[in-house]
Structure formats: C-alpha cells, structure tokens
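# Architecture at a glance
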Amino acid sequence: MNLVTQDQHHACHWSCAINAFFTFRKNALLAKSSSSQVEGDFAMAPQGVDQEECEGLLQQWREEGSSQVLPAVSEGPLLDKGLAQSSLALLMDNPGEQVAASEDKWPGRQLSDLQAAENVEEPSFEVLGEEPPPEVEGPMWAAVPMQTDPQYADCAVLPVGALAAEQWEEDPTVVAWSMTPEPVPQEEAPLWSFEGLGQLQPPPMEIPYHEILWREWEDLSSQLDTQGLEAGDGPQFQFTLMSYNILAQDLMQQSSELYLHCHPDILSWNYRFANLMQEFQHWDPDILCLQEVQEDHYWEQLEPSLRMMGFTCFYKRRTGCKTDGCAVCYKPTRFRLLCASPVEYFRPGLELLNRDNVGLVLLLQPLLPEGLGQVSVAPLCVANTHVLYNPRRGDIKLAQMAILLAEVDKVARLSDGSHCPIILCGDLNSVPDSPLYNFIRDGELQYHGMPAWKVSGQEDFSHQLYQKKLQAPLWPSTLGITDCCQYVTCHPKRSERRKYSRDFLLRFRFCSVACQRPAGLVLMEGVTDGEPERPAGWAEPVPEEDSSEPEPVGPRAAGAIQHCLHLTSVYTHFLPQHGCPEVTTMPLGLGTTVDYIFFSAESGQSGDRTGRRHQDGTLTLLGRLSLLSEEILWAANGLPNPFCSSDHLCLLASFGMQVTAP
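Quick caveat: nothing in here was measured; it's all calculated off a predicted structure.

## Some thoughts on the overall build of the protein
A tally of helices and strands in the protein yields 19 helices and 20 strands. Residues classed as buried in the protein amount to 46% of the 662 residues present. Sequence separation of 24 or more characterises 73% of the internal contacts of the protein that already satisfy a separation of 6 or more. Looking at the protein as shown, the accessible area adds up to about 34,900 Å², and 52% of this sits on carbon and sulfur atoms.

## Considering the packing of aromatic side chains
Per the stated rule, a full pass over the model turns up 14 aromatic pairs. Taken together through their ring pairs, the aromatic side chains of F237, F239, F335, F599 and F655 make up a single cluster.

## Details of the packing of helix 16 (residues 394–412) against helix 17 (residues 435–442)
Direction vectors running N to C along helix 16 and helix 17 enclose 20°, while the axes themselves pass 11 Å from each other. Between helix 16 and helix 17, the crossing angle belongs to the class labelled roughly parallel. For helix 16 against helix 17, the interelement crossing comes out right-handed. In contact with K397, L398, M401 and L405 of helix 16, helix 17 contributes L436, F439 and I440. Here the contact of helix 16 with helix 17 is composed, by residue class, of six nonpolar, no polar and one charged.

## Remarks on the sheet that holds strand 9 (residues 358–366)
With mixed pairing, the six strands of this open sheet are ordered in space as 8-9-11-12-18-15. Strand pairing shows two members of the sheet lacking a second neighbour, strand 8 (335–344) and strand 15 (567–569), which therefore form its edges. Sheet twist, expressed as the average angle between the axes of neighbouring strands with direction ignored, equals 20°. Two elements, strand 9 and strand 11 (residues 380–386), share six bridges in a ladder whose sense is antiparallel. When the bridges of strand 11 are listed, L364 appears paired with L380. Here helix 17 sits on the sheet in contact with strand 15 and strand 18 (595–600), set at roughly 125° to strand 15.

## Re helix 15 (residues 295–308)
For helix 15, with 14 residues, the first-to-last C-alpha span of 19 Å sits near the 20 Å given by 1.5 Å per residue. Along helix 15, the largest kink reaches about 40° and is centred on L302; proline P304 follows within four residues of it. Regarding helix 15, the residues found buried are H297, Y298, L302, E303, S305 and L306. On its buried face, helix 15 sits against helix 12 (249–254), helix 14 (269–283), strand 5 (287–294), strand 6 (312–317) and strand 7 (324–330). G310 sits one or two positions beyond helix 15 and adopts a positive phi of about 100°.

## Quick word on the nonpolar core
Membership of the largest hydrophobic core comes to 65 residues, with the highest contact counts inside it found for L213, F239, L241, F280, I287, I597 and F655. Residue contributions to this core peak at six residues, all from strand 20 (residues 651–660). Setting aside its immediate chain neighbours within four residues, F239 contacts D286, I287, R334, F335, L380, I423, A653, S654, F655 and M657. Counting 46 residues, the second largest nonpolar core, distinct from the first, contains C381, A406, I481 and Y596.

## Some words on the layout of surface pockets
Its volume calculated, the second largest pocket comes out at about 1,200 Å³. L258, E292, Y389, N429 and P587 are the residues nearest the centre of the second largest pocket, which is lined by 41 residues in total. Residue assignment for the lining of the second largest pocket shows that the elements contributing at least two residues are helix 12 and strand 7. Here the element with the most residues in the lining of the second largest pocket is strand 7; it accounts for three residues.

## Observations concerning the confidence of the model for the protein
A residue-level look at the protein finds 56% of positions with pLDDT of 70 or above and a mean pLDDT of 74. Contacts from residues 28–49, a stretch scored under 50 in pLDDT, to residues over four places away or in other chains number 45 contacts.

## Some thoughts on the pairing of strand 6
On a regular strand, each side chain points to the face opposite its neighbour's, so the side chains alternate between the two faces of the sheet. Summarising the sheet, strand 6 and strand 7 pair through six bridges and their orientation is antiparallel. Bridging from a neighbouring strand, R317 pairs with G325 of strand 7. Where strand 6 folds back onto strand 7 in an antiparallel hairpin, the turn is made up of six residues, including G320, whose phi is positive at roughly 75°.

## Describing the state of the cysteines
Evaluated as defined, the whole model comprises zero disulfides. Not part of a disulfide, C650 finds its nearest cysteine sulfur in C644, a span of 7.6 Å.

Each value, and the rule that gives it
Residues numbered from 1 in each chain as written. Predicted model: local features only at pLDDT ≥ 70, side-chain atom pairs only at ≥ 80, totals over all residues. Heavy atoms only, no water. Helix = DSSP H or I, 4+ residues; strand = E, 2+ residues; numbered from the N terminus. Buried < 20%, exposed > 50% of the residue type's maximum accessible area, 1.4 Å probe, protein only. Contact = heavy atoms within 4.5 Å. Areas by Shrake-Rupley, 256 points an atom, 1.4 Å probe, with all protein chains shown as cover. Phe/Tyr/Trp six-rings, centres within 6.5 Å; stacked < 30°, edge-to-face > 60°. Axes fitted to C-alpha atoms, helices over the stretch in contact; angles between N-to-C directions. Parallel < 35°, antiparallel > 145°, perpendicular 65-115°, else oblique. Left-handed = near helix turned anticlockwise from the far one by under 90°. Nonpolar A, V, L, I, M, F, W, Y, C, P; charged D, E, K, R; others polar. Pairing = 2+ DSSP bridges. Expected span 1.5 Å × (residues − 1). Bend = angle between axes of the 7 residues up to and from the residue. Core = buried A, V, L, I, M, F, W, Y, C linked by side-chain atoms within 4.5 Å. 1 Å grid on protein atoms, 1.4 Å probe; cavity = no way out; pocket = protein on both sides within 12 Å on 5 of 7 lines; lining within 4 Å. Points joined across faces, edges and corners; volume = space filled by probe spheres on them. pLDDT = per-residue confidence, 0-100. Disulfide = S-S within 2.5 Å.

Written out as structure tokens, the structure is:
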C-alpha cells in the first residue's frame, strides 16, 4: 500500500517536471525565435502535456537512469547540472506554483531566464526528437502586464525592448517609422468582451503598431505632370495641410485618469516630442495647424525644431492662466505671409463668452515656380482653432464659431466682395451631423429653442429634468457681429462724402433763394419791379439727398444664424471598407470624430458627402490621409500608444489652387 502511494507521488512529481520542461522549451524558443514563429508554436498550445507524451517521456527518463536525479530531489536544492534539470527539480519541490510561475513571475525573471536559455545545449531539444527552431532576425514584441486599474489591465501592450529595462535601448520612434509592414499570420483567438462595445477581436500577443495603425493615402487627383501642376483644365498650385491636436503635457497631467491604460514611459514629453517630430518629418506638410501646444514646449523645442525643418511659425496662447494654445506653421518657400490675425473668444463682462479659447487666422500668398510666365493665384486664408470642450455649453461653442467665421470673412474678403479660398481646421469638439457641424457645412442653423447640449452632439443629456435652451438673439448686438457671422460695418449717411475744398465753398457765396421774388413783396418802380439776374458762376440748387440710414449688413433673423463661406469637409466620416465610422480620438475607450478640415467649395457641392473631388474654380481637394476605426485603435491599446503620441490622430489633405493668366 505504501509502495503504491509512493509511486503515485513520484508520478505526480514527474508530471509537473514534464510540464516544466515544456515551459523551459517555450522560454528557450522565445529567446531564439521571432515573434511570429513563437506565436505559431505556442499561441494556441494547451497548458498541460498530452498523457501519451508524459508516459513516453517518463519511460525514456527511467531507461536513461532516474536514480541520479531522485536523490538530488530529496536531498535539497540542485547544484549546477544544467538548466533543464534545475527547472525540473525546482518545480518538483513546488508543483503547486507552476501556474503562478508561468504567468506572474515570468516578467520579473524575464532577463535571467533568457540569458540562461542561451546557454542550453542542443541535446535539450533532442529529448523529444525535434530539431531546434532556426534563428530569425527581427523585432521581438510581447505583452507586458501592468499594475493599473483593472478595467485597463488587458490593454497595456508594449514593445518588450522598451520596458524590459529602465532605459530605451533604441529610439522607438525611429523603429516605429522605419519598419516595413509585413504580413503577420493571424490565428483564431477567443473573443474579448468590452463593456458597451459588444464582441471584439483581441489584439495578438505581439503588437506591430506600424501595421495595425497603417494609414493609406487616398488619391483623388487626376493626371499630374512632373512639376506638380495638374494637366488638363490648367495648371494648379498644389500643397498639403495637416491639422493635429498634439495633447499638451499640462492638460494630460491634469486629466491623468484618462491615460491609465498607457505606460508612463510613452507619456513622457521627451518621448512624445521625438515621436511627434518624426511624424512631421514623415508627412512633410506645407502648412501645419496645431492645437494644444504648450507655450514653454513651443518656444523651447517645437518652434526651433520646426524652424530647422523650414517652417515659419505663429502662435497664440489661450487667454487667462492657460498654458496651451494654437499654432499655424507654413513653409516660406511655398507661401508668403500677407497678414496674421489672432482671435480671442473671451469678452469681459459677457457670460456667453467667458472662456479662454482662441483661434488663429493667416492670409497666405502662394509662391509660383519660375518659368510659368505671367500667371497668378489667389491668396489662401487658413484658420485654426480649438473650441470649448464642455458638452453642455453649445451656446458658447456657437458664439465662438461665429467670432471665428466673422474674422475669416474679414480676412478672406476680396475687393469685389467675394472670398478667396478658405481652409478652416481644428478641434471643434463636435461630432459629425451635429447642429454645429451642419451649420459650418450648410451655412445656416435654426437654433431657437434647441437644448444647449444638442449643439455639439458629444453626449446625450435628454434624460435630465432641466435643460438649458438657446434663446434668440444668441449674442448681444454689442458684440459687433451680425447673425450672418460678419462684423458690423459703419456706413456714412451719404452715398459719398463731399470734399470741402476752397473752390467748393466759394460756390456758396450767394444763396439761391435770393434770386426768387418773395411773396407779398410791395412793387416799387425801379426798386422791386425787376427780376434779379443770377451772377455768373453761381451754383445750381443742390437737390437734397435721402438721409435715412441704410439697413445694416445681414439683418438679425429671429432664432437663426448663417454664413456665406460655402465650406465642406475633407473627410466623409465613414469607412466603407470596414462599414463603420471614422474616429479621430478615443477618450475613455470610446472612438469619436471631433477634428476636421473644412475648405471652401462651390455651394452646389458643399453638401456632397460621397468623398468625390470638389472644385470651385480655385480650390481642389486632391487627396487625404485615411482615418482609422474604433476597433483598430482598440487593437493598438487606444491613444496614445508607442506609435501615436497624442490622444488624437493627425488629419492630412492635399489641395490644388487654380492658376490663372492676367
């Protein structure tokens, strides 16, 4: 009876030992194989060892001589007899800790196990009659557990080379942008259930961020000539524009609860700054519109670095005590500055405009290449802004947008009353098809009686008992802006002003009424019986002009605002190949679109949302950088991540401006 119990006890020990041997073999392969090969071998492998394999290996071990190991097991810790025997014996002493050692203790012992695995002799693989896997060069990726909030515990996936040591062994930004996408074999894996998002496919064990977040360029242009000017209807001046909310470091630290899913290393400003600059260099836009630019980072790092890249930069900090603002940068080799107009939305004493958001409007003159002869191109108006975030205060958002549109109308208006091409971009904190979005695109909005939260569409507060509703007029007349989003202009009472020169005044030395015979004048011969003659040079009677005030430009309509800039969006806000919406940011794991690039287009095309080419004779959309879906960003651990160093995606579009002959 005792003999049977002892045999069962030994069999249990050897089962744990064989499991440990497979764990050792997996660790050795991790050290010598690429990520894709390891995943193919072990990703779907069961935890235990097949019973037949256990019996075969046990029999083979007994034949080779088990008596040499049993004393070592019973006597105490093993000495240096090779990593294989050490792993087996240690696990036999503590068979109940096998699962914990393979799951919890692996990250802490990762470097020591990998170093020991490199010293394993080849016969360790020959125990099972298999050859060691070939060595494959390439980047190694692995999931690194993090001690964070439980709801983000499954999202922290980072490059193992970045976090296995205290310092970065290689600049991850250079690695991320220099990697060439290669097909990665996908294997079936159990679905993960995220709250409120249904069933989503979990990210693989290794995370090739450059492949998951791959964004394609959508070319909407026609045939181009070698000089970058479009052939067909006429030459065009082509340029690219990027709009990017780069996440101010101060704001990130103030709202640290939004970034619990991120490892602290990728949230440091030095890491993010290098990643952002790498992104600017990669896309190389001609005009760069940035939001959430921290002032000290701008003057100390961003502006000097962008100047070295060939940009001229303008910056406007938010009013009050805020430390971030907006910046517009352009390449002086492509444009010449005509005027720059900073816009402040804060108005003292006005509750509707008591926030510190700002905007920036530039008027740029494109510089044509030499050799085109006597041709010209219209100026370009570029507006950049970051509108208030508060989802409940749609009235403030509309008032801020009205001020920006009035400034754009003033800067972009030409001498004949028309407007030059306009590009309006930034973080508008409003979703597609919201009333604010439709107002910018359609040029009109009936706002009277609308709940304030509904303007931006960010959140639904319809369940609340009290809801602030918009009343007409939305802003007071003292703001100096009409309901047509134009500045109020002062007109003279006369259609033209008289020039009071000396010659003009001499014309009135005599009064014209003196040439008229008064009624009831007594007739006296030689005195009052003759008609006075009009002296030569007397002015004819000046007819009186209508002195009534002309009606102001854009009369105030009841509960409606409008503008005449004919703007449309570069993006369609839908991914037809995936059948889901585009997203530009992902706060708290929920993807949404709040960043936009609007450009002036013909009024008949302003409502087009099919993604086709827009043109109004002077401005053409030639291409855009595709956006991503919420599911793809989930697979990359959300935003920010080691590849994208902001909580927003950048927007990039290419335009063409019509070149005309004089």
